Amino acid sequence: QVHLVESGGGLVQAGGSLRLSCSSSGRTFSSQGMAWFRQAPGKEREFVGGISASGIGTSYADSVKGRFTISRDNAKSTVALQLTSLKPEDTAVYHCARSLSPIADKSSIYVDWGQGTQVTVSS
């Protein structure tokens, strides 16, 4: 029903920046919260940040707070994650996901997932 496609990943030096984008094909984008997750090899999937349907409410993992910023453009049906001050520990596959509700935090239920984009931070 809904397809999410991420882009913008790559290899970056520690301290650098990347901007990830997620494009949605769904008709209900403006009514659903959206979030970014990441997963590194051998680690559990981790909630990174979420943004409410309106774009007003945001939520971040403590590990990225102050460094990452989530935003959305409902007119374009896209959600972005701006990553700054990157650390090697940020290396992971980053996925966007659609929340079942207008809220998107680490306790929300997510029903659609993108294929992911690789972020690699070197030191």
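Look a little higher up for the structure.
Residues numbered from 1 in each chain as written. Predicted model: local features only at pLDDT ≥ 70, side-chain atom pairs only at ≥ 80, totals over all residues. Heavy atoms only, no water.

**Topic: the state of the cysteines**
Consideration 1: Applying the stated criterion across every chain, the model contains 1 disulfide.
Consideration 2: Covalent S-S linkage joins Cys22 and Cys96, the inter-sulfur distance amounting to 1.9 Å. The S-S bond linking Cys22 to Cys96 shows a torsion near 50°; that makes this disulfide right-handed. A residue pair is termed long-range when its members are at least 10 positions apart, and Cys22 in strand β3 (residues 18-24) and Cys96 in strand β9 (residues 92-99) qualify at 74 residues. Neither Cys22 nor Cys96 differs from the other in exposure class; each is buried. (Disulfide = S-S within 2.5 Å. Helix = DSSP H or I, 4+ residues; strand = E, 2+ residues; numbered from the N terminus. Buried < 20%, exposed > 50% of the residue type's maximum accessible area, 1.4 Å probe, protein only.)

**Notes on the packing of aromatic side chains**
Consideration 1: One pass over the structure, following the stated rule, counts 4 aromatic pairs.
Consideration 2: Here Phe37 and Tyr110 contribute two aromatic rings whose centre-to-centre distance is 5.0 Å and whose plane-to-plane angle is 80°, an arrangement assigned as edge-to-face. Here Phe37, found in strand β4 (residues 34-39), pairs with Tyr110, found in strand β10 (residues 110-113); they are 73 residues apart in sequence, far enough to count as distant.
Consideration 3: When its relative accessible area of 5% is taken as the criterion, Phe37 is described as buried.
Consideration 4: A residue is classified by how much of its surface remains accessible, and Tyr110, at 12% relative accessible area, is buried.
Consideration 5: Chaining the aromatic ring pairs together yields one cluster made of Phe37, Phe47, Tyr110 and Trp113.
Consideration 6: Over the ring of Phe37 we find Arg45; its NZ or CZ atom is 5.3 Å from the centre of that ring. (Phe/Tyr/Trp six-rings, centres within 6.5 Å; stacked < 30°, edge-to-face > 60°. Lys NZ or Arg CZ within 6 Å of the ring centre and 35° of its normal.)

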